[in-house]
Amino acid sequence: MNLILLDPNDLNGDGCALITDPRRLMHLRDVHRASPGDLLTVGVQGGEMGKARLTELTVEHARFSLETLNEPPPPPLPVHLVLALPRPRMLARTLEHVTALGVKEITLLHTKRVEKSYWQSPELREDKIHQHLLLGLEQARDTQMPNVTLSKGFRPFLEQQLPDLLNHRRGLVAHPGMPNACPRDIQDPTLLLVGPEGGFIAWEVEQLLAAGCEGMHLGPRILRVETAVTALLSRLF
Ligand code: SAH
């Protein structure tokens, strides 16, 4: 938690903020080893960042007085990430990493090699997803919550969502064995598609290419989803 991320509800209007949830309180005590008088980096969800002085820390609450709140969050990456739904633990880590890297639009997609049971996982509950996104924002010092949507059918995605997503975006499908290497340092608004742990099937890749996406690879090493996504984002932007 390099940033104390405040919910607008934590602010009480007179320049103070109060937090009462055990996770942030424990983190303040055990990781920051914060004590009253300390100046900490804070941000308001969806808003600005700045500094706040910790004025009280008890087992039940922490009170801050806001000193400055005028720094904008870092710029987002110009990417919409379409991620075939990975297994729940990998999903949790991947959401955290991509949020820390600045992704603001995420679609979780069903493909042939996604286990159907993953769609029933508690990790997909809204509050669980929110928790992973929060951790990513706190890690990277950002306040803008990503948008996560679930797309539970490949064909409906292809027919109903993809054409719009590719409007003004460069579509890139990460797939080992494609003839072209992943481009570097692009500025273009991008739709990046990453396959499941078993990869995209050939038919899915054909359909994505026919819809206007470009295939690309990251070299001969087959990377885990969370590693591939991190490598792709840092190479692309
Ligand atoms: N077993 C699959 C790979 C799955 S890796 C296969 O051999 O095709 C999971 C996903 O990460 C892939 O679908 C792809 O989107 C991405 N990925 C991993 N390594 C990659 C590489 N070397 N090049 C391009 N994409 C890669």
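Scroll up to find the structure.
Computed from a predicted model, the values in this text were never measured in an experiment.

(A) Just the overall build of the protein chain, in detail. When helices and strands are tallied, the protein chain shows 6 helices and 11 strands. The principal-axis extent of the C-alpha atoms belonging to the protein chain is close to 60 × 35 × 35 Å. Burial statistics for the protein chain: of 237 residues in total, 46% are counted as buried. At a minimum sequence separation of 6, the contacts of the protein chain that also span at least 24 residues come to 70%. Taken as two groups, the 25 positive and 28 negative side-chain charges of the protein chain have centres that lie 7 Å from each other.

(B) The site of the ligand, seen in detail. Around the ligand, 18 residues are found, and the nearest of them are Ala174, Gly195, Leu218, Gly219 and Arg221. A distance of 2.6 Å separates an oxygen atom of the ligand from a polar backbone atom of Ala174. Separating a nitrogen atom of the ligand from a backbone N or O atom of Leu218 is a distance of 2.9 Å. About the coverage of the ligand: the protein hides 86% of its 550 Å² of free accessible area. A molecule is said to occupy a pocket when more than half its atoms come within 2 Å of that pocket's grid points, and by this definition the ligand occupies the largest pocket.

(C) Expanded view of the sheet that holds strand β8 (residues 147-151). In spatial order, the strands read β8-β7-β6-β10-β9-β11; together these 6 strands make up an open sheet with parallel pairing. One side of each edge strand has no neighbouring strand; the edge strands of this open sheet are β8 and β11 (214-216). Neighbour to neighbour, the strand axes of the sheet diverge by 20° on average, direction disregarded. Where strand β9 (residues 170-174) and strand β10 (residues 190-194) come together, 5 bridges link them in parallel fashion. Each residue of the ladder has a partner; that of Ala174, found in β10, is Val194.

(D) View of the sheet that holds strand β2 (residues 16-19). Here 5 strands make up an open sheet; going across it, the order is β1-β3-β4-β5-β2 and the pairing mixed. Either end of the sheet is taken by a strand with one partner, and the two such strands are β1 (4-6) and β2. The sheet shows a mean angle of 40° between the axes of neighbouring strands, direction not considered.

(E) Fine view of the layout of surface pockets. Counted as a void, the largest pocket has a volume near 340 Å³. Surrounding the largest pocket, 21 residues form its lining, Ala174, Pro176, Ile222, Leu223 and Ala228 being those nearest its centre. In terms of residues, the lining of the largest pocket owes the most to one element, helix α6 (residues 225-236), which gives 3 residues.

(F) Representation of the side chain of Thr41. As for its placement among the helices and strands, Thr41 is situated in strand β3 (residues 39-44). Within the structure, the side chain of Thr41 is placed 2.8 Å from the side chain of Lys51, a separation counted as a polar contact. Setting aside residues up to four positions removed in sequence, Thr41 forms contacts with Asn2, Leu3, Ile4, Gly50, Lys51 and Arg141.

(G) Structural context of the side chain of Lys104. Take Lys104: it is sitting in the loop between α2 (88-101) and β7 (105-109). On the basis of relative accessible area, Lys104 is assigned to the buried category, the value being 13%. Among the polar contacts listed, one links the side chain of Lys104 to the side chain of Asp142, at a separation of 2.5 Å.

(H) Highlighting the nonpolar core. Within the largest apolar cluster, 30 residues are counted, with the highest numbers of intra-cluster contacts made by Leu81, Leu85, Leu108, Leu192, Val194 and Val229. Elements that contribute at least two residues to this core include exactly β6 (79-84), α2, β7, α3 (126-140), β9, β10 and α6. For this core, the element with the highest residue contribution is α6, accounting for 5 residues. Excluding residues that lie within four positions of it along the chain, Leu108 makes contacts with Leu83, Leu85, Leu91, Trp119, Leu124, Val148, Thr149, Leu150 and Ser151. Judged by nonpolar contacts, the second largest core, of 16 residues, contains Leu158, Leu162, Leu191 and Val205.

Procedures and definitions
The numbering scheme is per chain: residues are counted from 1 as the chain's sequence reads. This being a predicted model, a pLDDT of at least 70 is required before a residue's local features are given, and a value of 80 or more before pairs of side-chain atoms are given or counted; all residues contribute to the totals for chains, interfaces and linings. The side-chain figures draw on all heavy atoms in the structure; neither hydrogens nor water molecules are used. Numbering of helices and strands starts at the N terminus; helices are DSSP runs of H or I of at least 4 residues and strands are runs of E of at least 2. A simple rule labels every residue: compare its accessible area, found with a 1.4 Å probe on the protein chains alone, to the largest value its type can have, and call it buried under 20%, exposed over 50%, or partly exposed in between. Residues count as neighbours in contact if any of their non-hydrogen atoms are within 4.5 Å of one another. Residues counted as positive are Lys and Arg, residues counted as negative are Asp and Glu, and His and the chain ends are not counted. The atoms used to mark charge sites are NZ of Lys, CZ of Arg, CG of Asp and CD of Glu. Think of it this way: one heavy atom of a residue within 4 Å of a molecule or strand is enough to make that residue near it. Any N or O atom pair separated by 3.5 Å or less is treated as a polar contact, with the protein-specific requirement of one donor-capable and one acceptor-capable atom, and with residues adjacent in sequence counted only for side-chain atom pairs. Under the convention used here, a 1.4 Å probe and the Shrake-Rupley method define accessible areas, while residue burial counts only the protein chains that appear. Here a cavity means grid points, on a 1 Å grid over the protein atoms only, where a 1.4 Å probe fits yet cannot get out; a pocket means an open set of points with protein on both sides within 12 Å along at least five of seven lines; lining residues are those with an atom within 4 Å of a point. Being in a pocket or cavity means that more than half of the molecule's atoms lie within 2 Å of its grid points. At least two bridges found by DSSP between two strands is the condition for calling them paired. To obtain each axis, a line is fitted to C-alpha atoms, and for helices this fit is confined to the stretch in contact; angles are then taken between N-to-C directions over 0 to 180 degrees. Grid points are joined across faces, edges and corners, and a volume is the space filled by probe spheres set on the points. We define a nonpolar core as any set of buried Ala, Val, Leu, Ile, Met, Phe, Trp, Tyr and Cys residues linked to one another through side-chain atoms lying within 4.5 Å.

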